[in-house]
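Close look at the chain arrangement
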Amino acid sequence: MTAQTQPRELLEEVVTSVDGGVGIVRLNRLKALNALSYGVMQKIVEAFEVYERDPSIRCILITGNERAFAAGADIKELENATVVEMASSLQMERWDRIRRISKPIVAAVSGFALGGGCELAMCCDMIVASETAVFGQPEVEIGVMPGAGGTQRLTRAVGKAVAMDMVLTGRRLDAKEALAHGLVSRVVPLESFYDEALKAAHAIASKAPMAARMAKEGVARALDMSLEAGLAYERRLFYLLFGTEDQKEGMAAFREKRAPQYKGK
């Protein structure tokens, strides 16, 4: 089969689709183990931004395939880069844009999640991992260090001791270790990792959109605030939700023992 006759999906490095209220992004660089080239990162961000603007999408799911979520950055693009080129590129701004997406993001991870792949998974709000998932920040092995949040998000997730071990020696965590250290939310059998992640995404999408967004914001800000400041911030978000129609609908549905019909208002 030539490139001209291959199905379009096989030619696309990033494939998007929609399943109910869930917007799906699938990395599709099979031969490159879903390495995160500049182009791939741009397509991921563009897909996320489309879903961010679409009121019918209430949760985002990103995945790769059974062999790899993403095995890291595209080394061919970085090997001969200069300081000026790295500092002036928009690559890191793309990672910041993912962080600013307000809708909940679920990562379905199987196989390798290394370097930028691990950093991309950590940008998400939940990681559902298969039993074969492997997480690592092996940049030191090629003469650099994590540059897209690896030293920061990893330390917050697993603690200083384990983060130092992973970043300085290139140690990898298997799925069970990642769960034990708090890096992932769930570990499930390989054959069901995507279905379980999609199920979680649909569970999130079924909730009141504003409540889900503010809950995500509250948890995310907990890492940046003192307990006192975080509690005050949480309280303000909680009060604001009483100005939404969905709060009235949710409580009425609970009292009337029926399923709520949320409108995102």
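Residues numbered from 1 in each chain as written. Predicted model: local features only at pLDDT ≥ 70, side-chain atom pairs only at ≥ 80, totals over all residues. Heavy atoms only, no water.

Considering the overall build of the protein
Secondary structure summary: the protein contains 13 helices and 10 strands in total. For the protein, whose C-alpha radius of gyration is 19 Å, the value lies close to the compact-globule estimate of 18 Å for 265 residues. Each principal axis of the C-alpha atoms in the protein carries an extent, and together these give about 60 × 50 × 40 Å. Each of the 265 residues in the protein was classed as buried or not, and the buried ones make up 43%. Contacts in the protein between residues far apart in sequence, at least 24 positions, make up 67% of those at least 6 positions apart. Summed over all atoms, the accessible surface of the protein reaches about 14400 Å², with 57% contributed by carbon and sulfur. (Helix = DSSP H or I, 4+ residues; strand = E, 2+ residues; numbered from the N terminus. Rg over C-alpha atoms; globule rule 2.2 N^0.38 Å. Buried < 20%, exposed > 50% of the residue type's maximum accessible area, 1.4 Å probe, protein only. Contact = heavy atoms within 4.5 Å. Areas by Shrake-Rupley, 256 points an atom, 1.4 Å probe, with all protein chains shown as cover.)

Re unusual backbone geometry
Although it is not a glycine, Asn34 sits at a positive phi angle of roughly 60°. Here Asn34 lies in the loop between strand E2 (22–27) and helix H2 (38–53). Overall, the relative accessible area of 1% leaves Asn34 in the buried class. Notably, Lys257 is not glycine yet its phi reads approximately 55°, a positive angle. Classification of Lys257 as exposed rests on a relative accessible area of 76%.

Remarks on the pairing of strand E3 (residues 59–63)
Each regular strand displays side chains that alternate between the two surfaces of the sheet. Across the five residues of E3, five count as buried, placing the element largely inside the fold. The alternating pattern of E3 places Cys59, Leu61 and Thr63 and Ile60 and Ile62 on opposite faces, both of which are buried. Pairing of E2 with E3 involves five bridges; the strand directions are parallel. Residue pairing in the sheet places Ile24 in a bridge with Leu61 of E3. The handedness of the E2 to E3 crossover, carried by H2, is right-handed. (Pairing = 2+ DSSP bridges. Right-handed = clockwise from strand over helix to strand, strands pointing away.)

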